[in-house]
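The chain contents come next:
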Amino acid sequence: MSVVGVDFGNLNTVIAVARNRGIDVICNEVSNRATPSLVAFGPKNRFLGEPAKSQEISNLKNTVGNLKRLFLGAQDEFNFYKQLPDGRVLVMYQGEERTFSPVELAGMFFTKVKETCSQELQSSAVHDIVMSCPAYFTDSQLAALMAAAQVGGLRCVRMLNDSTAAALCYGMTKAADLDEEKPRHVLFVDMGHANLSVAIVSFWKTRMEVRSVACDANLGGRDFDRALAEAIAHEIRGKTGIDVLSAPAKVQYRLRVAAERAKKILSANLKTAVHVESIAEDQDYATDFTRDAFEALIESLLVRVEATAKAALESANIPVDEFHSIELIGGSVRIPAVKERVARLFNHRLEPGSTMNQDEAVARGCALQAAILSPTFKSRPYAVQDCVVLPIRMSWEPTELEPADRDAVVFPAGNGLPSTKLLSFTRPLPFLIDVSYALSGQPIGQALVGSADSPAQLPENGVVKVKAKMSLSHMLSIESAQIVVEEEVVEGEDGAKKTVKKKTDVPVEYKVYGEISERDLSRLCELEGQMYANDRLVKDTENAKNAVEEYIYMVRGRLSDGWSALATDQEKAKLLAALDGAESWLYEDGEDATKSAYQAKLKELTALGDPIKIRHDEAEERPRASARLLSQVAVYRAFAEDKSPKYAHISPEDRLFVTKACDDVESWLSSQSEKQANQSPWDKPVITGKMIDNERDSLINKVAPIMLKPKPSPSAESTSAAGSSTGTGPESTSTEHGN
């Protein structure tokens, strides 16, 4: 299992991996730690992530952002692209109008996520991930998000709420400071580009428990941008008469960019200059904005921030004086007014702050959860107990045996997760259980308990037990059902009676409304595979075209410089004519050629240019190789003449062998170099750098064993000396005293 955590954001996506005994955030192809959550469509191919961002302003209507909010299904006035009533998006792709569902669009982006992971980890086996999601997502939206990951070639093994993931990162990094018995209560305020989530979490040394979560699905940084943009547009209309809000899309985009930039500056400064380019033809607009004016504009939004935080506090039922700290997550919490509204709830006893990276904490928490789940990764155990955010109700038709019971809130808000509940029924089979959200009444799904083909009555004293489970991913499943019958049996010789429960499994079929079928999911995966293959082909074709263009300019420049003396006039004329022809073809008939056509054209040019290139490279390499060989010869000659104690054991015969080997090599190099000097520059070389290097290697193989020959051991030397001293006669005496 790959240990990857993905913070799928509405504006940007952050990817983290567990490795090297820590958590690393992956950089994308332009070394950014966050990848824009964008998918764009062009005449030939798609653009995903950073490439989509770079062409956004020139292709606004075909650049799809706000990918996470697309799963909500509501129309979004922030978008420049066209969103159809059924939630699909209309774009121009490959010269024709195409519509794509949120699952398809997010799946395209997840293809980019997988590619980024694979390149960073240098592995194609990146499949399993843990992904963050908003706490307010319904079962069908969570199922759609997991299906999108599957379309992108990923398997989401667990979904974590954004605030839960950040809390896990906090708990595991602060574990050394936490207590085994006394909990630490922390308030997490997570406000990103499009939504606000406030969670209250209690931490112990080895576990954490989410006590409450409150959300505002329509409050985020983009709402602050819009408030500022509308104020600037109102000022522009009053002074110039130009209605920027109804201007072309590019003008509105520039206004939003200016508003976002001003918001960020005002988060750190009391005043900023706002400059909007090209509000009309050859007309810009500049003004000043203060932080006080900005805070007055966003007062209604700040009230919603305070109300959401207050709702979380009331639900958790923990006194404010028992809180340890307030942790801020996300980019939009950097606005000072947001911090002040949260601190007001604690009477400024606690000031909001960040002990973690605000932009990366969620992704790091997901990666930590992946490490805990991974069987191949050793991680410190840390238990996570989340809580139900959207209470779930189950209902059924009344019967004669159950006339009063019609429904029940099975998983109330605040119920710990994961959680399993057993429902008991005394009614004939089969029967239906409808599942819905208790607050909104929105249906979730329906379960058929029993078989429609074989209706059956319950035995006497029989009860149908239905098991419902909510996972840590906040997804409901009705897993099983059993008929339980209590019977009294007689045991032993004394006739004692004992109650025995007899259990019989009952089939259960649970269907989530709006869930993508396996057949449709396979079709989407196949379609994504085709589009991905097309993207790669277009990219490879562009690279092949660029290779031809680069070769043309490279060879043309070299012919007027270093290559000129190494080619005949005929060769140069022929090659220049081929280059000119290829350049004309490239910008005319070959403008939209195929990958194979560009490769064939490059092959034609290299057939003419490479022989000259080889001569040039050889002319530069030959002197370097000669210098290396002569340097080695000098080393070995010095060795042959070295009479120092280090080489005193080398025999005269070996020294003579080394000297002769050096003489032979020098003679060969001198002879071949003289022949080469008599050659014309464009003739076939008599001697090459490779040949010289081969001679150097041969010399090393001959001499190195002699040079590295070890000295005789001291015992061998003493034995030899003793043998010499035992001799007799004049010669022996002479030898003994000769030195």
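Structure shown above.
Residues numbered from 1 in each chain as written. Predicted model: local features only at pLDDT ≥ 70, side-chain atom pairs only at ≥ 80, totals over all residues. Heavy atoms only, no water.

Trainee: How should I be thinking about helix α3 (residues 102-121) in this particular structure?
Mentor: A turn of α-helix holds 3.6 residues, and therefore any two residues three or four places apart point the same way. Look at α3: 28 Å from first C-alpha to last across 20 residues, which is about the 28 Å you get at 1.5 Å a residue. Taken across its 20 residues, α3 has 16 buried, putting it largely inside the fold. Directly after α3, the chain includes Q122, whose backbone phi takes a positive value near 55°. (Helix = DSSP H or I, 4+ residues; strand = E, 2+ residues; numbered from the N terminus. Expected span 1.5 Å × (residues − 1). Buried < 20%, exposed > 50% of the residue type's maximum accessible area, 1.4 Å probe, protein only.)

Trainee: Got a minute to help me understand the sheet that holds strand β7 (residues 63-64) in this structure?
Mentor: Two modes of strand pairing occur in sheets, parallel and antiparallel, and in both the strands are linked by backbone hydrogen bonds. Reading across the sheet, the three strands line up as β6-β5-β7 and stay open at both edges, with antiparallel pairing between neighbours. Sheet topology places β6 (46-48) and β7 at the edges, where each strand pairs with a single neighbour. Contacting β5 (39-41), β6 and β7, α3 runs over the sheet at an angle of about 105° to β5. (Pairing = 2+ DSSP bridges. Contact = heavy atoms within 4.5 Å. Axes fitted to C-alpha atoms, helices over the stretch in contact; angles between N-to-C directions.)

Trainee: I'm lost on the packing of α3 against helix α4 (residues 139-151) in this one. Help?
Mentor: Closest axis-to-axis distance for the α3/α4 pair is 7 Å, and the angle between their directions is 45°. Comparing the axis directions of α3 and α4 gives the class oblique. Relative to α4, α3 is oriented so that their crossing is right-handed. Contacts from V103, A106, G107 and F110 in α3 reach A144, L145, A147, A148, A149 and V151 in α4. (Parallel < 35°, antiparallel > 145°, perpendicular 65-115°, else oblique. Left-handed = near helix turned anticlockwise from the far one by under 90°.)

Trainee: Quick question: what am I supposed to make of the nonpolar core here?
Mentor: Considering soluble globular proteins, one finds that nonpolar side chains tend to be buried as a cluster. Counting residues in hydrophobic clusters, the biggest one holds 70 residues, and the most contacted among them are F203, M394 and V466. In terms of residues, this core owes the most to one element, helix α11 (residues 361-373), which gives eight residues. The residues contacting V466, other than those within four sequence positions of it, are K421, L422, L423, F425, F431, I433, V449, I478, S480 and A481. Within the second largest apolar cluster, 51 residues are counted, among which are A312, L313, V338 and L350. (Core = buried A, V, L, I, M, F, W, Y, C linked by side-chain atoms within 4.5 Å.)

Trainee: For this particular structure, what's the right way to read a negative patch on the surface?
Mentor: Taken together, the side chains of E277, E281, D282 and D284 define an acidic patch exposed on the protein surface. Along the chain, D282 turns up in the loop between β16 (271-280) and β17 (283-290). (Patch = residues over 30% accessible without salt bridge, like charges linked within 9 Å, V, L, I, M, F, W, Y side chains within 5 Å. Areas by Shrake-Rupley, 256 points an atom, 1.4 Å probe, with all protein chains shown as cover. Salt bridge = Lys/Arg side-chain N within 4 Å of Asp/Glu carboxyl O. Lys, Arg positive; Asp, Glu negative; His and termini not counted. Charge placed at Lys NZ, Arg CZ, Asp CG, Glu CD.)

Trainee: I would appreciate a short explanation of the sheet that holds strand β22 (residues 416-417) in the present structure.
Mentor: The strand order across the open sheet built from six strands is β18-β13-β14-β15-β19-β22, with neighbouring strands paired in mixed fashion. A strand with exactly one partner marks an edge of an open sheet, and here the two such strands are β18 (323-329) and β22.

Trainee: What exactly am I supposed to notice about the side chain of T287 here?
Mentor: Within the fold, T287 resides in strand β17. Here T287 falls in the buried class, since its relative accessible area comes to 11%. A distance of 2.6 Å separates polar atoms of two side chains, one belonging to T287 and the other to E235. Residues in contact with T287, not counting those within four places in the same chain, are E235, T272, A273 and V274. (Polar contact = N/O pair within 3.5 Å; in protein donor to acceptor, adjacent residues only side chain to side chain.)

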